[in-house]
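Observations on chain architecture
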Amino acid sequence: MTLQQEIVGNAMQMAVVNLNPGQTVYCEAGKFLFKTTNVSMETRLGGPSSGGQQQGAGGSGSGGGMGGMLRQAMGTAMQVGQRALAGESLAFQYFTSQGGEGTVGFAGVLPGEMRALELDGTRAWFAEKDAFVAAESTVQFGIAFQGGRTGMSGGEGFVLEKFTGHGTVIIAGAGNFIDLNPADFGGRIEVDTGCLVAFEEGVQYGVQRIGGLNRQGLMNAVFGGEGLSLATLEGNGRVILQSLTIESLANALKKAQGGDKQGPTGGMFSTHAG
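So, a few notes on the structure that sits alongside this text. In this text the structure is predicted, and so the values were computed from the model without any measurement.

Examining the nonpolar core
With 21 residues, the main nonpolar core has Tyr26, Phe132, Phe163, Val169 and Ile171 as its most contacted residues. Listed by contribution, the elements that provide at least two residues to this core are strand 6 (92–97), strand 8 (114–120), strand 9 (125–128), strand 10 (132–136), strand 11 (139–145), strand 12 (159–172) and strand 15 (196–200). Ranked by residues supplied to this core, first place goes to strand 12 with four residues. Apart from residues lying up to four places away in sequence, Ile171 is in contact with Glu113, Met114, Arg115, Leu117, Ala131, Val133, Phe163, Val197, Ala198 and Ile240.

Structure (structure tokens):
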């Protein structure tokens, strides 16, 4: 069942979700705005992929008895551990409409857009860290770590959120969104690592150095505002980019407060917030 939702607002959008009786939606802690009184709220450490959707007293989970409970507990612990390593929220909040239709509101944490993605079970979606806002309980939330050189040099792209299953997932980003497909641009695009919001499974994500270790490469790194690396996206699939990066927003706020230490260079000498 597709989640009935509406994205409203302009500079700071929010998602208003209408739940059918018994329907459940979950969000990352801190993304909830409001709900009607007939919608219950429950905070859990586990997501749907680790048994977060609890069974009734007579229901059957992935296994019966103590063995099933132990497997569920281990799955929850592994998922929580992954989210802790990734710097994500440790808990999810679940909202279920009871005794009729209900309404819940969610929002991101930065000025910008929101987007509802529909998963049909054939392709997963990957998103930048902290992009997840909410999803219906048939969507599984996971963490994907970029390994090797891609992970070490990828900056924001080192940790990705992964969504699988069927149903609606709502994500948020900073600034305005633009949708691209690398196949429409010769099969490959290169973007600032902080501009990537989400992409479909089938698109290959990587990181490449800007130029070589020569004069122009050093000029790009020191004065170009992009540091040493760019994200690369190859293949055929949807890619969502954002027009504002967290780093640029943080630097703009520092400058407005008289605390800008970036100087005239930007690039690899810029001051990161955190």
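Some details on the environment of Ala172
Among the structural elements, Ala172 can be located in strand 12. Once the C-alpha coordinates of Ala172 and Ala131 are considered, the two residues, 41 residues apart in sequence, prove to be 5.1 Å apart. Beyond its immediate sequence surroundings of up to four residues, Ala172 is in contact with Gly108, Glu113, Met114, Ala131, Val133, Phe177 and Val197.

Points about unusual backbone geometry
A positive phi is found at Asp130, a non-glycine position, where the angle reads about 75°. Mapped onto the secondary structure, Asp130 falls in the loop between strand 9 and strand 10.

Structural notes on the packing of aromatic side chains
Taken as a whole, this structure holds 12 aromatic pairs when the rule is applied. Taking 5.1 Å as the distance between ring centres and 55° as the angle between the ring planes, the aromatic pair formed by Phe132 and Phe141 counts as tilted. Summarising the burial analysis for this pair, Phe132 and Phe141 share the class buried. Taken together, the ring pairs connect Tyr26, Phe92, Tyr94, Phe132, Phe141 and Phe163 into an aromatic cluster. Taking the ring centre of Tyr94 as reference, the NZ or CZ of Arg44 above it sits at 4.0 Å.

What about the pattern of salt bridges?
Under the definition given, this model contains eight salt bridges. Between Arg44 and Glu42 there is a salt bridge, and its shortest N-O distance comes to 3.1 Å. Of the residues examined, Arg44 reaches a relative accessible area of 14% and is grouped as buried. Under the relative-accessibility criterion, Glu42 is labelled partly exposed at 33%. Across the salt bridge formed by Asp179 and Arg115, the nearest N and O atoms sit 2.9 Å from each other. Of this pair, Asp179 sits in strand 13 (residues 177–180) while Arg115 sits in strand 8, placing them 64 residues apart in sequence. By relative accessible area, Asp179 is classed as partly exposed at 38%. The class of Arg115 is buried, set by a relative accessible area of 18%. Members of the salt-bridge network, linked through shared partners, are Arg115, Asp179 and Arg238.

Parameters and conventions
Residues numbered from 1 in each chain as written. Predicted model: local features only at pLDDT ≥ 70, side-chain atom pairs only at ≥ 80, totals over all residues. Heavy atoms only, no water. Core = buried A, V, L, I, M, F, W, Y, C linked by side-chain atoms within 4.5 Å. Buried < 20%, exposed > 50% of the residue type's maximum accessible area, 1.4 Å probe, protein only. Helix = DSSP H or I, 4+ residues; strand = E, 2+ residues; numbered from the N terminus. Contact = heavy atoms within 4.5 Å. Phe/Tyr/Trp six-rings, centres within 6.5 Å; stacked < 30°, edge-to-face > 60°. Lys NZ or Arg CZ within 6 Å of the ring centre and 35° of its normal. Salt bridge = Lys/Arg side-chain N within 4 Å of Asp/Glu carboxyl O.

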